[in-house]
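Survey of secondary and tertiary structure
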Amino acid sequence: MFDKTFELPLTRDYVRHWGVVEGVRELIQNALDSDSPFEYEWSETKDGISLRITSTYGKLDTKTLLLGSTSKADAKDKIGSFGEGYKIALLVLTRENRPTTVYNNGVTWNPEFFHSRQFEAEMLRIVEKKDHSGRGKGLSFVVTGLTDQEKENITEMCLNMQRSLGEVIETSKGQILYDRPGKLYVNGLFVCEIPEFTHGYNIKPEFLKLERDRQTVSSFDIKWLSKEMWFESNRNDEIVKMMDDDIPDMHYANYGTPEVVKEACYEHFMNNYKGQIIADDSKELKALVKEGMKVYVGGGSYGSTVSSNPKYDTKKVALKTPTASLKEWLSTNRGNMRTPAIVAFKELITESESWKKSNE
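Quick word on the overall build of the protein
Within the protein one finds eleven helices and 14 strands. Counting across all 360 residues of the protein, residues that qualify as buried make up 48%. Residue pairs in contact within the protein that sit at least 24 positions apart in sequence constitute 62% of those at least 6 positions apart. Per element, the accessible surface of the protein, about 19,800 Å² overall, is 48% carbon and sulfur.

Dropping the structure here:
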């Protein structure tokens, strides 16, 4: 006999592409978004592995069972804002036969499916009973029947459940993760793979907007954030190397570039590419090559940053070709030369165009 039931307008097949891991993910997110320290506990039971997720100071009001009802709608530092998370989690876990109990400040909530005569469909309802376990206040989700593989997948999904993150750079916008290349996390929860990235990132929720499915992000947003985080790290040697190598993590590094990074890029260029000229576009590239100039071919953000430095001067960085030197000499001395000498010198200039080619 139960005390109350709450019927939710959610059918069994809602978010049918979600499985156990996605369901648990929502419960973990709910705990991470609370004002309580994140607490969890794995245990072995006769029915499989059990996971308890606890928010010591948490509480779910009955009205939060309404779709669209959430206390996080205007909280920029929270992931959840759509008012569906834990309700969908209960639906998915029930559908996947992973019994889940919510211990909610003196009562228990247990999800189950029932046949609605009104809608002629299986829908979700929450059965509320008094909690006789003596747990008292606080909020806990207990999921049972998990497999070893599901435990492993859940642990990989949540950085807070992992013993070591390897080398980490802390910034005001989140963490740069050396040992998680191409993985994006928000508030410690895995979001998606960014295969072209050479590092992983754990972003604070207020700095990155997730799409509704919480598994995709704007490519521009994450690339902009990654370069901002690196700028804040002050690891200028690494930053310049990544820019020169045209690493996607630094795709927009030529925007809002700190002066210290600009200077580091220029010094790196002079040490490694002196004698080469940076072409602004393909047209200039062709013209420079035609003149026999050595042209820098590399990262877009790197080249743009170097050429924007006030110290950058093509006359200083480029080594003149024989042809360019002869043309400059003729321009300076032409007034003192007779016509036959000028004609002969022009022939020498034409001949000089092949000098570089024959020595390549």
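Some thoughts on helix α6 (residues 259-272)
Here α6 spans 20 Å end to end across 14 residues, near enough to the 20 Å set by a 1.5 Å rise per residue. Taken together, the buried positions of α6 are occupied by V261, A264, C265, Y266, F269 and M270.

Comments concerning the sheet that holds strand β5 (residues 107-116)
Read across the open sheet, the seven strands follow the order β1-β6-β5-β4-β7-β3-β2; overall the sheet is antiparallel. At either end of the open sheet lies a strand with only one pairing partner, and these are β1 (4-11) and β2 (39-45). Within this sheet the neighbouring strands show an average axis-to-axis angle of 25°, counted without direction. By the bridge criterion, ten bridges tie β5 to strand β6 (residues 121-130) in an arrangement that is antiparallel.

A short note on the pairing of β6
Both β1 and β6 contribute to a ladder of six bridges, which runs antiparallel. Paired with L8 across the strands is L124, a residue of β6. With antiparallel pairing between neighbouring strands as the criterion, β5 and β6 make up a hairpin whose turn holds four residues, including E120 at a positive phi of roughly 55°.

Concerning the pattern of salt bridges
Taken as a whole and judged by the stated rule, the model has twelve salt bridges. Taking the shortest distance from any N to any O, the salt bridge between R235 and E238 comes out at 3.3 Å. On the basis of relative accessibility, which here comes to 29%, the residue R235 falls in the partly exposed class. Salt bridges here are not isolated pairs; linked through shared partners, they connect E167, R235 and E238.

Things to note about the nonpolar core
Core analysis: the biggest nonpolar cluster contains 41 residues, and I28 and I154 have the highest contact counts within it. Of all the secondary structure elements, the ones that give two or more residues to this core are β1, α1 (20-32), β3 (48-55), α2 (85-95), β5, β6, β7 (139-146) and α3 (148-157). Not counting chain neighbours up to four residues away, the residues in contact with I28 comprise F38, I53, I154, M157, C158, M161 and L189. I222, L225, F231 and Y266 belong to the second-largest nonpolar core, a separate cluster that totals 38 residues.

Side note on the sheet that holds strand β12 (residues 200-203)
An order of β8-β9-β12-β10-β11 is seen for the five strands of this open sheet, with the pairing classed as mixed. With one partner strand each, in any of the chains shown, β8 (168-171) and β11 (189-193) form the two edges of the open sheet. The sheet shows a mean angle of 20° between the axes of neighbouring strands, direction not considered. Strand direction decides the pairing type here: strand β10 (residues 183-186) and β11, joined by four bridges, are antiparallel. Of the residues in β11, the one forming a bridge with K183 is E193.

Re the pairing of β8
Burial along β8 is one-sided: I169 and T171 are buried, and none of V168 and E170, which face the opposite way, are. Bridge analysis of β8 against strand β9 (residues 174-177) gives four bridges, and the strand direction is antiparallel. Counterpart to T171 in the pairing with β9 is G174.

Points about a negative patch on the surface
Together, E44, D148, E152 and E156 give the surface a local cluster of negative charge. For the negative patch, the element with the most residues is α3, which contributes three residues. In this structure, E44 sits in strand β2.

Thoughts on the packing of helix α4 (residues 219-233) against helix α5 (residues 236-244)
Two numbers describe how α4 lies on α5: the axes approach to 8 Å, and their chain directions differ by 145°. The chirality of how α4 crosses α5 is left-handed. Contacts from W230, F231 and S233 of α4 reach α5 at E238, I239 and M242. The residue inventory of the contact of α4 with α5, partitioned by class, reads four nonpolar, one polar and one charged.

Quick notes on the packing of aromatic side chains
One pass over the full model with this rule turns up 18 aromatic pairs. On the numbers, 6.2 Å between centres and 80° between planes, the contact of Y178 with W230 is edge-to-face. Linking Y178 in the loop between β9 and β10 with W230 in helix α4, this pair joins segments that are 52 residues apart in sequence. Take Y178 and W230: they sit in the same class, and that class is buried.

Overview of helix α8 (residues 300-307)
Buried residues of α8: S301, Y302, G303, T305 and V306, and no others. Those residues of α8 hidden inside the fold are in contact with α5, α6, β13 (276-278) and β14 (294-296).

So, the confidence of the model for the protein
Segments scoring low in pLDDT should not have their predicted coordinates read at a detailed level. Summarising the model, the protein shows a mean pLDDT of 87, and 89% of its residues fall at 70 or more. In the model, residues 73-82 has pLDDT below 50 throughout and makes 29 contacts with residues more than four positions away in sequence or in other chains.

Parameters at a glance
Residues numbered from 1 in each chain as written. Predicted model: local features only at pLDDT ≥ 70, side-chain atom pairs only at ≥ 80, totals over all residues. Heavy atoms only, no water. Helix = DSSP H or I, 4+ residues; strand = E, 2+ residues; numbered from the N terminus. Buried < 20%, exposed > 50% of the residue type's maximum accessible area, 1.4 Å probe, protein only. Contact = heavy atoms within 4.5 Å. Areas by Shrake-Rupley, 256 points an atom, 1.4 Å probe, with all protein chains shown as cover. Expected span 1.5 Å × (residues − 1). Pairing = 2+ DSSP bridges. Axes fitted to C-alpha atoms, helices over the stretch in contact; angles between N-to-C directions. Salt bridge = Lys/Arg side-chain N within 4 Å of Asp/Glu carboxyl O. Core = buried A, V, L, I, M, F, W, Y, C linked by side-chain atoms within 4.5 Å. Patch = residues over 30% accessible without salt bridge, like charges linked within 9 Å, V, L, I, M, F, W, Y side chains within 5 Å. Lys, Arg positive; Asp, Glu negative; His and termini not counted. Charge placed at Lys NZ, Arg CZ, Asp CG, Glu CD. Left-handed = near helix turned anticlockwise from the far one by under 90°. Nonpolar A, V, L, I, M, F, W, Y, C, P; charged D, E, K, R; others polar. Phe/Tyr/Trp six-rings, centres within 6.5 Å; stacked < 30°, edge-to-face > 60°. pLDDT = per-residue confidence, 0-100.

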